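# An overview of the molecular structure
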Amino acid sequence: MKELTKNNPGPDYAHLLAEVKERVRSAQYAALKAVNAELVRLYWDIGRMIAERQEKSGWGRSVVENLSKDLRQEFPGVSGFSVQNLWYMRQFYLEYSGHEKLQPLVGEIAWAHNLAIMSKCKDPLEREFYIRMTRKFGWSKNVLIHQIDNQSYEKSLLGQTNFDQTLTPELRAQAKLAVKDEYTFDFLELGEEHGERELERALIARIEDFLRAMGGMFAFMGSQYRLEIDGEEFFIDLLLFHRRLRCLVAIELKIGKFRPEFVGKMQFYLTALDRQVRQEDENPSIGIILCKEKSRTIVEYTLHDARKPIGVATYEITRTLPKELKGQLPQPEEIAALLEGIEK
């Protein structure tokens, strides 16, 4: 038997090291979450005390300036007590104190994320959407701001999919929120007139921006992804993997209007992926048909009897939401039910 030495600890050592590393990372993440939650609670309490004292005693703006100065003198190594941040704490308390549903959620994302949502979103359901999505998908501050600026809330709620009929309840809500009605690729340097391969190459050249625009939880698997079926070759424009949904996502790029025949081709691709590529522990593959234009009625009719989970979306190179869709968001109770489904 080969003797173990200090420099040759044996084959099991690699497994031990991997397990210890994973445990350390898990502990670091748990500690970070605990610290963040406590910090948000601290800022909430400070904001509450300032607001209550101002209302009770009629204090003006100078009290916040004095409080900032004294706190920084008392705690010189602690950041976060600037005049501006103290005002943010007061605003944070005042804006969320009347929303019991949101209060427990705000402690689960970082203070910087809370500030971004508070400043850019005014509707409570919109705020809940971005809080839950940030927590669920681990969005960084920059990704969160990008999602807000690109109107992900509206575009997710307007999404046209057949997920209600083709996915299990455990996956349905997450998938519907992961596939938008419209994607904004404002990072592309393309004119209005461009071909499908030109669009594909431009997206691949800016792959990080593309994945961020898709929602931040996608991994790139390949372009012109080759499938061989009965001796014939077929190619999927883009193949991604969604880390949370744990499924392959096939994307077909179309520079014109949506056509019903696109769905039949996508169903063919998804069947092939599920039989040839999908791993045993992965969920069924999902398809996204990405077009320049679509008729919502034609999409609705086409997806009605489709057996594979497919979403039909459009893409823009500027940040706009069609005016005619702004009044078509679901009712508040429907939005609330969808947001609750994120946790499943």
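Every value quoted in this text rests on a predicted model; they were computed, and no experiment measured them.

Here is what the cut-offs are and how they apply
- Residues numbered from 1 in each chain as written.
- Predicted model: local features only at pLDDT ≥ 70, side-chain atom pairs only at ≥ 80, totals over all residues.
- Heavy atoms only, no water.
- Pairing = 2+ DSSP bridges.
- Helix = DSSP H or I, 4+ residues; strand = E, 2+ residues; numbered from the N terminus.
- Domains from an automatic or database assignment.
- Contact = heavy atoms within 4.5 Å.
- Buried area = accessible area lost by both parts, 1.4 Å probe.
- Polar contact = N/O pair within 3.5 Å; in protein donor to acceptor, adjacent residues only side chain to side chain.
- Nonpolar A, V, L, I, M, F, W, Y, C, P; charged D, E, K, R; others polar.
- Axes fitted to C-alpha atoms, helices over the stretch in contact; angles between N-to-C directions.
- Parallel < 35°, antiparallel > 145°, perpendicular 65-115°, else oblique.
- Left-handed = near helix turned anticlockwise from the far one by under 90°.
- Expected span 1.5 Å × (residues − 1).
- Buried < 20%, exposed > 50% of the residue type's maximum accessible area, 1.4 Å probe, protein only.
- Arc of directions from axis to C-beta.
- Right-handed = clockwise from strand over helix to strand, strands pointing away.
- Phe/Tyr/Trp six-rings, centres within 6.5 Å; stacked < 30°, edge-to-face > 60°.

### Re the pairing of strand β3 (residues 218-229)
- Sheet topology places β3 next to strand β4 (residues 232-242); ten bridges connect them, and they run antiparallel. Paired with tyrosine 225 across the bridge in β4 is isoleucine 236.
- Here β3 folds back onto β4 in antiparallel fashion, the turn holding two residues, of which aspartate 230 has a positive phi close to 55°.

### Overview of the domain arrangement of the protein
- Segmenting the protein into domains produces domain 1 (14-151) and domain 2 (159-320).
- Here the C-alpha centroids of domain 1 and domain 2 sit 35 Å apart.
- Taken together, the contact between domain 1 and domain 2 spans twelve residues of the former and 13 residues of the latter.
- Around 1,100 Å² of area is buried between domain 1 and domain 2 when both sides are counted, 53% of it from carbon and sulfur atoms.
- For the pair domain 1 and domain 2, the interface holds two residue pairs in polar contact (both at pLDDT 80 or more).
- Of all the elements in the fold, those that place two or more residues in the side of domain 1 that touches domain 2 are α6 (124-137) and α7 (141-149).
- With five residues, the single largest contributor to the side of domain 1 that touches domain 2 is α6.
- Taken together, the residues that form the side of domain 1 that touches domain 2 break down as five nonpolar, four polar and three charged.

### Focus on the packing of helix α5 (residues 111-120) against α6
- Running from N to C, α5 and α6 point in directions that differ by 155°, and their axes come no closer than 10 Å. As judged from the angle between their axes, α5 and α6 are roughly antiparallel. Crossing angle aside, the handedness with which α5 passes α6 is right-handed. The segment α5 lies against α6, with His113, Ile117 and Met118 engaging Arg127, Tyr130, Ile131 and Thr134.
- Across the contact of α5 with α6, the residue classes break down as four nonpolar, two polar and one charged.

### Quick word on helix α2 (residues 62-74)
- Taking 1.5 Å as the rise per residue, α2 with 13 residues should run 18 Å; its terminal C-alpha atoms sit 18 Å apart, in good agreement.
- Those residues of α2 not exposed but buried are Val64, Ser68 and Leu71. Along the long axis of α2, the arc covered by the buried residues comes to 75°, so they all point the same way. Projecting away from the buried face of α2 at angles above 90 degrees are the exposed residues Gln73 and Glu74.

### Structural notes on the side chain of glutamine 267
- Along the chain, glutamine 267 falls in helix α13 (residues 261-276).
- The class for glutamine 267 is buried, based on a relative accessible area of 14%.
- In contact with glutamine 267, not counting residues within four places along its chain, are Ala306, Arg307, Lys308 and Ile310.

### Brief notes about the pairing of strand β6 (residues 286-291)
- Within β6, six of the six residues are buried, which leaves the element mostly enclosed by the surrounding structure.
- Alternating residues of β6 divide into Ile286, Ile288 and Leu290 and Gly287, Ile289 and Cys291, and every residue in both groups is buried.
- Alignment of strand β5 (residues 247-253) against β6, held across five bridges, turns out to be parallel. Bridging across to β6, isoleucine 251 finds its partner in isoleucine 288.
- Since β5 and β6 lie parallel, the crossover through α13 that links them has a hand, and here it is right-handed.
- Regarding topology, helix α14 (residues 296-303) serves as the crossover connection from β6 to the parallel strand β7 (residues 310-316), and that connection is right-handed.

### Quick look at helix α12 (residues 207-214)
- Of all the positions in α12, only Asp209, Phe210, Leu211, Ala213 and Met214 are classed as buried.
- One or two steps after α12, the chain reaches glycine 215, where phi turns positive at roughly 135°.

### What about the environment of arginine 132?
- By the element assignment, arginine 132 lies in helix α6.
- Overall, the relative accessible area of 5% leaves arginine 132 in the buried class.
- Side-chain polar atoms of arginine 132 contact the side chain of glutamate 128, separated by 2.8 Å.

### Some remarks on unusual backbone geometry
- Of note in this structure, glutamine 224 is not a glycine but carries a positive phi near 45°.
- Glutamine 224 sits in the partly exposed class, given a relative accessible area of 23%.
- With a phi close to 55°, arginine 246 is a non-glycine residue in the positive phi region.
- With respect to the helices and strands, arginine 246 occurs in the loop between β4 and β5.

### Observations concerning the packing of aromatic side chains
- Under the criterion given, the structure shown has 15 aromatic pairs.
- When the ring of phenylalanine 92 is compared with that of tryptophan 111, the centres are 5.0 Å apart and the planes differ by 85°; the resulting orientation is edge-to-face. You can see phenylalanine 92 sitting in helix α3 (residues 83-96) and its partner tryptophan 111 sitting in helix α5, a full 19 residues away along the chain. When sorted by exposure, phenylalanine 92 lands in the same class as tryptophan 111, which is buried.
- Where phenylalanine 129 meets tyrosine 130, the ring centres are 4.9 Å apart and the plane angle is 85°; that geometry is what we call edge-to-face.
- With a relative accessible area of 0%, tyrosine 130 lands in the buried category.
- Each residue in the set Tyr43, Trp44, Phe92, Tyr93, Tyr96 and Trp111 is aromatic and connected to the rest through ring pairs, giving one cluster.

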